[in-house]
Amino acid sequence: IQLVPLALASLIGLYGCASDSRPDPRETVKGLFTAIRASDSLYLSQHIDLSQAAGTLDEDFSIDSDVSDPAAELLAALIGEGKLRERWLDNQIVLGRANTSGDTAWVEVSFIDRLTRVQYYNKMRLDYRENHWVINSFKTL
């Protein structure tokens, strides 16, 4: 008789996993670094909430654009010869685990200095919006 509740709980758990067809948030973060390497501003503007993320930048990070719009400044920093693009791509980038809670996810990202081997641990926050993950918070290093 105790097997019935256990079997029912297992089926409910399997159904819950099967019904969540959301992509892995790590794939969005992986796509972020691919887009940064390629200076793909379209991907970046679709997968980063540039306005919200610009508000989470470290105080010591000065955006290198003449534009007064923080979202445009952040995008400029991520493409071409942008300061943030150079800072991140100078390091080895390692993606860690993703933790998801409802429509929010956090993806572990480590930046490892290629010369000193010092590791800078980071978490990027994402929200699930309109059928895809959007990055809305990160630290520069």
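All values derive from a computational prediction rather than experimental measurement.

Peer 1: Give me the lowdown on the overall build of the protein, citing residues and values where you can.
Peer 2: Assigned secondary structure in the protein consists of six helices and four strands. Scored against the burial criterion, the 141 residues of the protein give a buried share of 35%. Once local pairs closer than 6 in sequence are excluded, the contacts in the protein between residues at least 24 apart make up 48%. A total accessible area of about 8500 Å² is found for the protein, and carbon and sulfur atoms account for 53% of it.

Peer 1: So what's going on with helix 5 (residues 70–78)? Which residues, and what values?
Peer 2: Buried residues of helix 5: A71, E73, L74, L75, A77 and L78, and no others. Close packing links the buried residues of helix 5 with helix 2 (25–38), helix 3 (41–47), helix 4 (50–54) and helix 6 (83–89). Downstream of helix 5 by a residue or two, G80 has a phi angle that is positive, lying close to 55°.

Peer 1: Describe the packing of aromatic side chains, with residues and values.
Peer 2: For the structure on display, the rule yields five aromatic pairs. Between W88 and F138 the ring centres are 5.2 Å apart and the planes differ by 65°, which places this aromatic pair in the edge-to-face class. One end of the pair, W88, is in helix 6; the other, F138, is in the segment after strand 4 (132–137), and 50 residues separate them in sequence. Following the ring pairs from residue to residue traces out a cluster consisting of F33, W88, F111 and F138.

Peer 1: Describe in detail the sheet that holds strand 1 (residues 91–101), supporting the description with residues and values.
Peer 2: If you walk across this open sheet you meet the four strands as 1-2-3-4, and the pairing is antiparallel. Only two strands of the sheet have a single partner each, and these edge strands are strand 1 and strand 4. Going across the sheet, the axis of each strand differs from the next one's by a mean of 30°, ignoring polarity. In terms of strand pairing, strand 3 (residues 119–129) meets strand 4 through five bridges, oriented antiparallel. Looking at the pairing, R125 lines up with S137 of strand 4. Contacts between helix 2 and the sheet are confined to strand 1, strand 2 (104–113), strand 3 and strand 4, with strand 1 contributing the most and set at about 150° to the helix.

Peer 1: So what's going on with the environment of R125? Residues and values would help.
Peer 2: With respect to the helices and strands, R125 occurs in strand 3. In sequence terms R125 and A98 are 27 residues apart; their C-alpha atoms lie 9.7 Å from each other. The residues contacting R125, other than those within four sequence positions of it, are Q52, T104, A105, W106, V134, I135, N136 and S137.

Peer 1: Break down the environment of P23 for me, citing the residues and quoting the values.
Peer 2: On the secondary structure map, P23 appears in the loop between helix 1 (3–19) and helix 2. The residues touching P23, leaving out its near neighbours within four places in the chain, are Y128 and W133.

Peer 1: Explain the environment of R37 to me, and be specific about the residues and the numbers.
Peer 2: Note that R37 resides in helix 2. Taking the relative accessible area as the measure of exposure, R37 reaches 47% and is therefore partly exposed. In the structure, R37 is positioned 42 residues away from I79 in sequence and 7.8 Å away in space, judged by C-alpha atoms. Non-local contacts of R37, meaning those with residues more than four positions away in its chain, are made with R85, L89 and I93.

Peer 1: Go over unusual backbone geometry, please, and point to the residues and values.
Peer 2: Backbone geometry follows two general trends: most residues other than glycine have a negative phi, and most peptide bonds adopt the trans configuration. Of note, E130 is a non-glycine position whose phi angle comes to about 45°, a positive value. Although it is not a glycine, N131 adopts a positive phi angle of roughly 70°. Positionally, N131 belongs in the loop between strand 3 and strand 4. Taking the relative accessible area as the measure of exposure, N131 reaches 65% and is therefore exposed.

Analysis parameters
Residues numbered from 1 in each chain as written. Predicted model: local features only at pLDDT ≥ 70, side-chain atom pairs only at ≥ 80, totals over all residues. Heavy atoms only, no water. Helix = DSSP H or I, 4+ residues; strand = E, 2+ residues; numbered from the N terminus. Buried < 20%, exposed > 50% of the residue type's maximum accessible area, 1.4 Å probe, protein only. Contact = heavy atoms within 4.5 Å. Areas by Shrake-Rupley, 256 points an atom, 1.4 Å probe, with all protein chains shown as cover. Phe/Tyr/Trp six-rings, centres within 6.5 Å; stacked < 30°, edge-to-face > 60°. Pairing = 2+ DSSP bridges. Axes fitted to C-alpha atoms, helices over the stretch in contact; angles between N-to-C directions.

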